[in-house]
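# A closer look at the structure
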Amino acid sequence: MRRLRRAGWSRALVAETRLSPADLIWPLFVREGTDLAEPIETMPGVFRHSVDRLPALAKEAEALGIPAIALFPYTPADRRSEDGKEALNPDNLVCRALQAIRDSGANVGLLSDVALDPYTSHGHDGLIDETGHVLNDATVEVLVKQALNQARAGADIVAPSDMMDGRISAIRAALESFGFHDTQIMAYAAKYASGFYGPFRDAVGAGGYLKGDKKGYQMDPANAREALREVALDIAEGADSVMVKPGLPYLDIVQRVAERFDVPVFAYCVSGEYAMVEAAVAAGMMERDKVVLEILMAFRRAGASGILSYHAPHAARLLNA
Ligand code: PBG
């Protein structure tokens, strides 16, 4: 076995999996203001950028060979409400960011998240009743309007991350009837109720608001076969691609989905995974460059077409070097 491993040229020749910047999607946080890059305490090295800074970041992604970026808003407290109606404002942060990047001519795919948690005063992804239960069908109606709002602003891919039932078919039908025939849907199909989203909730300012947990709509980490049902439903409802989330602790799910289905499968290496690496690096316990590329390669080996990663620009720089 070691003959094949001895020289670099030979290792390159026999590598079973390739990783390139083209496999990455870079998630970015957006905030109000001008010329601001506000550090996020729980995600060292990640910032909330004001809208005016985004075209340059989109062009950076393009120059690095990263095909797409994903936008997440940090909504000011006074724009949050019980019904999350800011999600439908054509002039909200995400829409302004989408438009600014579109207008800049940056040649990258723009992905926007469909879910109400950046906009609700209770931090849930949907509308709640008096008991705090997240309502399915009423939420889907709002998500459809949110997705249309984002498509109008220039989103290439809408990515429902809410885990309501039936939202993919409802969004697909609405996109078709309003002429958005080419807007892709990347379904967060197997999204688990996870402790690894902690830093993200801090980044979008939702953590302080969240009442209870999301176990009534996000998946139980104990379940794998259920993930296959979720994926099958989202594909049948019209998803163009599906996602598994979080990433590393769910590589078995990535692999099973990739083996069973013929649509592109994405994995989201989430905020808590990013924070774990950065904390270990800061403590001198691991080397960032090595572990970042190793982690991303692991997703590719498991069968992921692409990976959403906060390390995307760093990884792309390493891969391009
Ligand atoms: C919102 C959403 C979440 C993430 C992406 N979209 C958080 C949540 O569901 O609570 C998490 C991303 C990350 O942790 O990096 N629906």
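The structure contained in this document is the topic of the report that follows. (Residues numbered from 1 in each chain as written. Predicted model: local features only at pLDDT ≥ 70, side-chain atom pairs only at ≥ 80, totals over all residues. Heavy atoms only, no water.)

### Structural notes on the site of the ligand
So the rule is basically this: Any residue with a heavy atom positioned within 4 Å of a molecule or strand is treated as near that molecule or strand. Each polar contact in these results corresponds to two N or O atoms within 3.5 Å; when the atoms are within protein, one needs to be able to donate a hydrogen and the other to accept it, and residues that are neighboring in sequence are counted only if both atoms are side-chain atoms. Computed with a 1.4 Å probe, the accessible areas rest on the Shrake-Rupley method; for each residue, only the protein chains presented here act as cover. The way it works is a 1 Å grid over only the protein atoms, where trapped points that fit a 1.4 Å probe form a cavity and open points with protein on both sides within 12 Å along at least five of seven lines form a pocket, and then any residue with an atom within 4 Å of a point lines it. Just a note on the criterion: a molecule sits in a pocket or cavity if more than half of its atoms are within 2 Å of the grid points. Here a strand is any run of E in DSSP of at least two residues, a helix any run of H or I of at least four, and the numbering for each starts at the N terminus. Residue type decides the class: Asp, Glu, Lys and Arg count as charged, Ala, Val, Leu, Ile, Met, Phe, Trp, Tyr, Cys and Pro as nonpolar, and the leftover types, Gly among them, as polar.
Lining the immediate environment of the ligand, one finds 19 residues, of which Lys-191, Arg-201, Lys-245, Ser-271 and Tyr-310 sit closest. In this structure, Lys-214 approaches the ligand through a side-chain N or O atom, which is 2.8 Å from an oxygen atom. A distance of 2.7 Å separates an oxygen atom of the ligand from a polar side-chain atom of Ser-271. When isolated, the ligand has an accessible area of 400 Å², and the protein chains bury 100% of it. In this structure, the ligand is accommodated by the largest cavity. When residues of the shell around the ligand are traced back to their parent elements, those giving at least two are β7 (184-191) and α7 (198-203). Residue composition of the shell around the ligand, grouped by class: nine nonpolar, three polar and seven charged.

### Re helix α5 (residues 136-153)
Test applied: Between the first and last residue of a helix there are one fewer steps than residues, each counted as 1.5 Å, and that sum is the expected span. Throughout this description, buried means an accessible area under 20% of the type-specific maximum (1.4 Å probe, protein chains only), exposed means over 50%, and partly exposed covers the range between. A contact between two residues is defined here by any heavy atoms of the two lying within 4.5 Å.
With 18 residues, α5 extends 26 Å from end C-alpha to end C-alpha; this agrees with the ideal 26 Å at 1.5 Å per step. Those residues of α5 lying buried are Thr-139, Val-140, Val-142, Leu-143, Val-144, Gln-146, Ala-147, Leu-148, Asn-149, Gln-150, Ala-151 and Ala-153. For α5, the elements touching its buried residues are α4 (93-104), β5 (109-114), β6 (157-160) and α6 (167-177). Following α5 by one or two positions, Gly-154 adopts a phi angle in the positive range, close to 120°.

### Some thoughts on the layout of surface pockets
Heads up, the condition is: Grid points are joined across faces, edges and corners, and a volume is the space filled by probe spheres set on the points.
Volume-wise, the largest pocket comes out at about 330 Å³. What lines the largest pocket is a set of 19 residues, among which Trp-26, Gly-45, Val-46, Tyr-310 and Pro-313 lie closest to the centre. Those elements giving two or more residues to the lining of the largest pocket turn out to be β1 (24-31), β3 (47-50), α3 (54-64), α10 (271-282) and α12 (312-320). With four residues, β1 is the single largest residue contributor to the lining of the largest pocket. In terms of residue class, the lining of the largest pocket is built from 11 nonpolar, four polar and four charged. Quantified by volume, the second largest pocket comes out at close to 260 Å³.

### Notes on the nonpolar core
A general feature of soluble globular proteins is that nonpolar side chains tend to end up buried together. We count it as follows: Residues enter a nonpolar core if they are buried and are Ala, Val, Leu, Ile, Met, Phe, Trp, Tyr or Cys, with the set joined through side-chain atoms within 4.5 Å.
By size, the foremost hydrophobic cluster in this structure holds 84 residues, and its most contacted members are Ile-69, Ile-253 and Val-257. Among the elements that make up this core, the one with the highest residue count is α5 (eight residues). Excluding its chain neighbours within four sequence positions, the residues that come into contact with Ile-253 are Ala-190, Tyr-192, Asn-223, Ala-224, Ala-227 and Val-244. Among the nonpolar cores identified, the runner-up in size contains 25 residues, and Met-43, Leu-111, Val-204 and Ala-206 belong to it.

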